[in-house]
Amino acid sequence: MTKVEADALPLLRQRSSYKWRAYPEDVLPLFVAETDYPIAPVVAAAVEERLRLSDTGYVASARPVADAFVRFAERRWAWTIDAETVRATTDVSVAIVETLRVLLPPSSGVVIMPPIYPPFFELVTEAGHRVVEVPLADGERLDLDGLEAALAAGARAVLLCNPQNPIGRPHPSEELAALAELADRFGAVVVSDEIHAPLVHPDGDVTPFLAVSDAAARVGVCVTSASKGWNIAGFKCALIVPGSAATSARLDGLSDEVLARTSILGLHASVAAFGTPEGEEWLDGTVAAIVENRHLLRALLHEHLPQVGYREPTAGYLAWLDFRALGWGDDPAERILAEGRVALVPGPTFGAAGRGFARLNLACSPDVLTEAVERIAALR
């Protein structure tokens, strides 16, 4: 396994993605969840082959990517999935919206657990439902008492993020099992966004929600994608994985357009990512680079910003930074951008629990990460 190296800034600035077009060139963009690593060669080759064949029409079936993901899940997590039940769609956000729409009566209460990926607030309402907030206990653990109270009060679903974004913490299996028992008791659904799960670190432990217990399989749906692990969000392909035959039958209510909107290039890119030894080797090299940067960030903060709280992630490449001791207000990212020219994600967008925090993307070169921390430290 060879560690993947980030591209140099001059090359990165030729990219046209949101990360590299949202701000002027004097800003270091460490905000949106895109990585600075080059695309995996096996993924690039798969897409190039489709282009050579002019194979750019509509997707015929989800089965190729379903089969690849089933094999990946068995190897990485010892999780057995029935490929026949797996659906494909454009991205995880669409998967969440369409799943909530088809499984719940209109205007149902859907629990989210701040601080949480900001679009969760909007995805619930887009699906025609109501947001019910149950903040994480101590900023990281599932508040099982709060979840029980919300379900007892009538919430019909829980929208889970595992591993958790922005904290980068996979939820422990015992917490997930307790959540599954609650949902099963109250007849609720758990939709588990596991898009960051392939990026688990060697000292992390991701348990897919559907694999944690029989109850989880009864109540759960996993939504996931190769987009974060292999940095291919623009290819537009995600998966909807039901935990049981009964839930799969209910998902038959999904519109045919849910599959039809999947990108054929994304499907083949995802097959190469999930389904080849080269794809997994590249993923392992990417995780190795992320782990080095996660430790580098710890050292940089200790040296330059010891007042900033930081719990190292054990999955993904997002760092949740607590600036409250510096007294920079509810939104420290605002000052960091205006004066330090470093773009982070404002903490308050993750909910009230994010006040005084900011999220930093550490999937960049060590040099860029070092300069970003030095710029922020200069503001004190």
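Now for a description of the structure that goes with this document.

The rules behind these values
Residues numbered from 1 in each chain as written. Predicted model: local features only at pLDDT ≥ 70, side-chain atom pairs only at ≥ 80, totals over all residues. Heavy atoms only, no water. Axes fitted to C-alpha atoms, helices over the stretch in contact; angles between N-to-C directions. Helix = DSSP H or I, 4+ residues; strand = E, 2+ residues; numbered from the N terminus. Parallel < 35°, antiparallel > 145°, perpendicular 65-115°, else oblique. Left-handed = near helix turned anticlockwise from the far one by under 90°. Contact = heavy atoms within 4.5 Å. Nonpolar A, V, L, I, M, F, W, Y, C, P; charged D, E, K, R; others polar. Core = buried A, V, L, I, M, F, W, Y, C linked by side-chain atoms within 4.5 Å. Buried < 20%, exposed > 50% of the residue type's maximum accessible area, 1.4 Å probe, protein only. Pairing = 2+ DSSP bridges. Right-handed = clockwise from strand over helix to strand, strands pointing away. Polar contact = N/O pair within 3.5 Å; in protein donor to acceptor, adjacent residues only side chain to side chain.

Let's talk about the packing of helix H13 (residues 277-304) against helix H15 (residues 366-377)
Next up, step 1: Viewed as axis vectors pointing N to C, H13 and H15 meet at an angle of 25°, and their least axial separation amounts to 10 Å. The orientation of H13 with respect to H15, classified from their angle, is roughly parallel. The element H13 and its partner H15 pack so that their crossing is right-handed. Touching Asn 293, Leu 296, Leu 297, Leu 300, Leu 301 and His 304 of H13 are Pro 366, Leu 369, Thr 370, Val 373, Glu 374 and Ala 377, all from H15.
Next up, step 2: For the contact of H13 with H15, a count of residues per class yields eight nonpolar, three polar and one charged.

Thoughts on the nonpolar core
Next up, step 1: Grouped together as the largest cluster of nonpolar side chains are 111 residues, with contacts concentrated most on Phe 69, Phe 209, Trp 230, Leu 297, Phe 323 and Leu 344.
Next up, step 2: Ranked by the residues each element gives to this core, the list is headed by H13, at nine residues.
Next up, step 3: Beyond its immediate chain neighbours, meaning those up to four positions away, Phe 323 contacts Val 308, Trp 328, Pro 332, Ile 336, Leu 344, Gly 356, Phe 357, Ala 358 and Ile 376.
Next up, step 4: In this structure, Leu 123, Cys 161, Ala 238 and Leu 251 belong to the second largest nonpolar core, which totals 27 residues.

Thoughts on the sheet that holds strand S13 (residues 357-361)
Where strands meet in a sheet, backbone hydrogen bonds hold them as pairs that are either parallel or antiparallel.
Next up, step 1: Reading across from one edge, S9-S10-S13-S12 is the order of the four strands in this open sheet, with antiparallel pairing throughout. Looking along the sheet, the strands with just one partner apiece sit at the ends: strand S9 (309-310) and strand S12 (345-346).
Next up, step 2: Relative to S13, strand S10 (residues 318-322) runs antiparallel, the two sharing five bridges. The residue bridging Leu 321 from the neighbouring strand is Ala 358, located in S13.

A few points about the pairing of strand S5 (residues 157-161)
Next up, step 1: When you tally the buried positions in S5, you get five out of five residues, the bulk of the element.
Next up, step 2: Of the two faces of S5, the one lined by Ala 157, Leu 159 and Cys 161 and the one lined by Val 158 and Leu 160 are each fully buried.
Next up, step 3: Relative to S5, strand S3 (residues 109-112) is paired through two bridges, and the arrangement is parallel. Paired with Val 110 across the strands is Ala 157, a residue of S5.
Next up, step 4: Summarising the sheet, S5 and strand S6 (residues 189-193) pair through five bridges and their orientation is parallel. Across the sheet, residue Ala 157 finds its bridge partner in S6, namely Val 189.
Next up, step 5: One crossover worth recording links S5 to the parallel S6 by way of helix H8 (residues 173-186), and it is right-handed.

Considerations on the environment of Ser 365
Next up, step 1: Topologically, Ser 365 is positioned in the loop between S13 and H15.
Next up, step 2: Ser 365 gets classed as buried once you look at its relative accessible area, which sits at 15%.
Next up, step 3: Sequence separation between Ser 365 and Ile 290 is 75 residues, and the spatial gap between their C-alpha atoms is 9.4 Å.
Next up, step 4: Every residue in contact with Ser 365, bar those within four places of it in the chain, is listed here: Ala 6 and Asn 293.
Next up, step 5: At a separation of 3.1 Å, a polar atom in the side chain of Ser 365 contacts the main-chain amide nitrogen of Val 368.

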